[in-house]
Amino acid sequence: MEEKILVVDDESAISEIIKFNFEKEGYVIDTADNGKSAIELAGENNYGLILLDIMMPKLNGFEALREIRKFSDVPVIMLTAREDEVDKVLGLELGADDYVVKPFSMRELLARVKAVLRRFDSQEKKEEDTKVLKVMDLEIDLNKYQVKRKGENIELTLREFELLKYLASHPGIVFSREELLEEVWEYEYYGDIRTVDVTVRRLREKIEDENKDFKYIKTKRGVGYLFSSDSGES
């Protein structure tokens, strides 16, 4: 089945070149030139991924992403013309799975898209036997991509789940930020390791107790992150 992608950018030249190259790769491409149209199309179609520009008329990419996240967990890659850390962090905080800075090479963009889609599509290719990681009162269903704490569902983005899954599958092992970028994001970030910190912080906000020491995802100062070794597997 052909993967359907929504490309949202107010610069038609960029949208068209992406559409041209991605269609050659076998993808089905829809385009939009503003945030409002992006929200409408995302609600009407079952997209495999959205490429979302930040600076657009009517509604910018941040505002559009905020609205899309209210009804969809579709993977989103932000496109930004600026390398400002604030833009990158804000997009990740709102639930973006990745970001690409303009100008970008089509090869890089395709690699990012394929990496995200590969993770997302793997959910449908899991074996029927359920595999659940249990850590104290946290349950991580690796097949259904579901996380529960004390029996209550916790909504995670695809990237948050993949990071949690990777860490929880290797309890007690410390991973550097660079290692996590390579293993979870599946490509090099050219030294931009803040992405890992932001995703860890979002995860902690969702699975950890407030105003308490972290008991699931721990920090090894000066090295990286590790998951609690007090875990079991069923």
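The name an unreviewed UniProt entry gives the protein chain is DNA-binding response regulator, with Peptoniphilus porci as the organism.

A.B. asks: With reference to specific residues and values, describe the overall build of the protein chain.
C.D. replies: The helix and strand tally for the protein chain stands at 8 helices and 13 strands. Residues classed as buried in the protein chain amount to 50% of the 234 residues present. Contacts spanning at least 24 positions in sequence make up 60% of the contacts within the protein chain whose residues lie at least 6 apart.

A.B. asks: Help me get a handle on the packing of helix H2 (residues 35-44) against helix H3 (residues 61-68), residues and values and all.
C.D. replies: Put simply, H2 and H3 touch, their axes get as near as 9 Å, and they point 20° apart. In terms of axis orientation, H2 runs roughly parallel to H3. Seen from above, H2 lies across H3 with right-handed handedness. Where H2 abuts H3, its residues Gly 35, Ala 38, Ile 39 and Ala 42 lie against Ala 64, Glu 67 and Ile 68. Taken together, the residues that form the contact of H2 with H3 break down as 5 nonpolar, 1 polar and 1 charged.

A.B. asks: Can you lay out the sheet that holds strand E4 (residues 76-80) for me, pointing to particular residues and giving the numbers?
C.D. replies: Taken in spatial order, the 5 strands line up as E2-E1-E3-E4-E5 in an open sheet, and their pairing is parallel. Edge positions in the sheet fall to strand E2 (28-32) and strand E5 (98-101), since each of these pairs with one other strand and no more. Going from strand to strand, the sheet's axes swing by 20° on average, the running direction of each strand aside. With 5 bridges joining them, strand E1 (residues 4-8) and E2 adopt parallel strand pairing.

Reading guide: rules and limits
- Residue indices follow the written sequence of each chain, beginning from 1 at its first position.
- The predicted nature of this model means local features are confined to residues of pLDDT at least 70 and side-chain atom pairs, given and counted, to a pLDDT of 80 or more, with totals for whole chains, interfaces and linings taken over all residues.
- To obtain the side-chain values, all non-hydrogen atoms of the structure were included, while hydrogens and water were left out.
- Under the DSSP-based scheme used, a helix requires at least four consecutive residues in state H or I and a strand at least two consecutive residues in state E, with every element numbered from the N terminus.
- Buried, partly exposed and exposed residues are distinguished by accessible area as a fraction of the type maximum, computed with a 1.4 Å probe on protein chains only: under 20%, between the cut-offs, and over 50%, respectively.
- The contact rule is simple, with two residues in contact once any of their heavy atoms fall within 4.5 Å.
- Here an axis means a line fitted to C-alpha atoms, over the contact stretch when the element is a helix, while the angle between two N-to-C directions is reported on a 0 to 180 degree scale.
- Orientation is classified from the angle alone, with under 35 degrees giving roughly parallel, over 145 giving roughly antiparallel, 65 to 115 giving roughly perpendicular, and any other angle giving oblique.
- By the definition used in this description, the sense in which the near helix is turned from the far one sets the handedness, with an anticlockwise turn below a right angle giving left-handed and a clockwise turn giving right-handed.
- Each residue is assigned to one class: nonpolar for Ala, Val, Leu, Ile, Met, Phe, Trp, Tyr, Cys and Pro, charged for Asp, Glu, Lys and Arg, and polar for all the others, Gly among them.
- Strands are treated as partners if at least two bridges between them are detected by DSSP.

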